[in-house]
Amino acid sequence: MSFGTQSQRRWLRRTVVFAIVALGFGLRLWFALKITPRQVSDAHTYSNMALAFVAGEGYQSAGLPSAYIPIGYPLALAGVEHLFGTDPGVARVANAVFALGTMLGLFTIARAVTRSRLAATLTLLLFALYPADI
């Protein structure tokens, strides 16, 4: 039983991956625009650190210079907030965009580790629908 030519099957596989990534991004963007959760714990800390960066106060936690918390996310968030403003909605939309990179990276790693397109696609689908990341 054949499902078309090799190029048609490749196009179908890519379309499925694109659709899953679009679904995952769409869910995250919808949540970012429609839901306003209260910032708690890490989200609050990272947001405050990013705001300190944007304000030119450097990398600090609770008003003191710190190397305790990883710098990557607060620095990326500070860059986005520097360009687009410090409204919490900007950070929520940025998280949806950051998730695009996570989804594509996850698919690539899953495919490399398992050597299976199906496993990588299912991994991508599970992450795209994972409520804790949305």
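Provided above is the structure to which this section pertains.
Each value, and the rule that gives it
- Residues numbered from 1 in each chain as written.
- Predicted model: local features only at pLDDT ≥ 70, side-chain atom pairs only at ≥ 80, totals over all residues.
- Heavy atoms only, no water.
- Helix = DSSP H or I, 4+ residues; strand = E, 2+ residues; numbered from the N terminus.
- Expected span 1.5 Å × (residues − 1).
- Buried < 20%, exposed > 50% of the residue type's maximum accessible area, 1.4 Å probe, protein only.
- Contact = heavy atoms within 4.5 Å.
- Lys, Arg positive; Asp, Glu negative; His and termini not counted.
- Salt bridge = Lys/Arg side-chain N within 4 Å of Asp/Glu carboxyl O.
- Arc of directions from axis to C-beta.

**Details of helix 2 (residues 41-54)**
Its 14 residues give helix 2 an end-to-end C-alpha distance of 20 Å, which sits within 8% of 20 Å, the value for a rise of 1.5 Å per residue. Listing the buried residues of helix 2 in full gives Ser 47, Met 49, Ala 50 and Ala 52. Packing partners of the buried residues in helix 2 comprise strand 1 (60-61) and helix 3 (72-84). After helix 2 finishes, the residue Gly 56 shows a positive phi value of roughly 80 degrees.

**Things to note about the side chain of Glu 81**
Mapped onto the secondary structure, Glu 81 falls in helix 3. Of the side chains with opposite charge, Arg 92 lies nearest to the buried Glu 81, which makes no salt bridge, at 9.4 Å. In this structure Glu 81 touches Ala 50, Leu 51, Val 54, Thr 86 and Ala 91, once residues within four positions along its chain are discounted.

**Looking at helix 3**
Spanning 13 residues, helix 3 covers 18 Å between terminal C-alpha atoms, matching the ideal 18 Å at 1.5 Å per step. Of the residues making up helix 3, those classed as buried are Pro 74, Leu 77, Ala 78, Val 80 and Glu 81. Along the axis of helix 3, the buried residues cluster in a sector spanning 165 degrees; they form a single face. Facing away from the buried side of helix 3 by more than 90 degrees, the exposed set consists of His 82 and Leu 83. In the core, the buried residues of helix 3 are packed alongside helix 2 and helix 4 (88-114). Just past helix 3, the residue Gly 85 takes up positive phi, approximately 110 degrees.

**Structural notes on unusual backbone geometry**
Its identity as a non-glycine residue notwithstanding, Arg 115 has a phi of 55 degrees, on the positive side. Inspection of the secondary structure puts Arg 115 in the loop between helix 4 and helix 5 (117-128).

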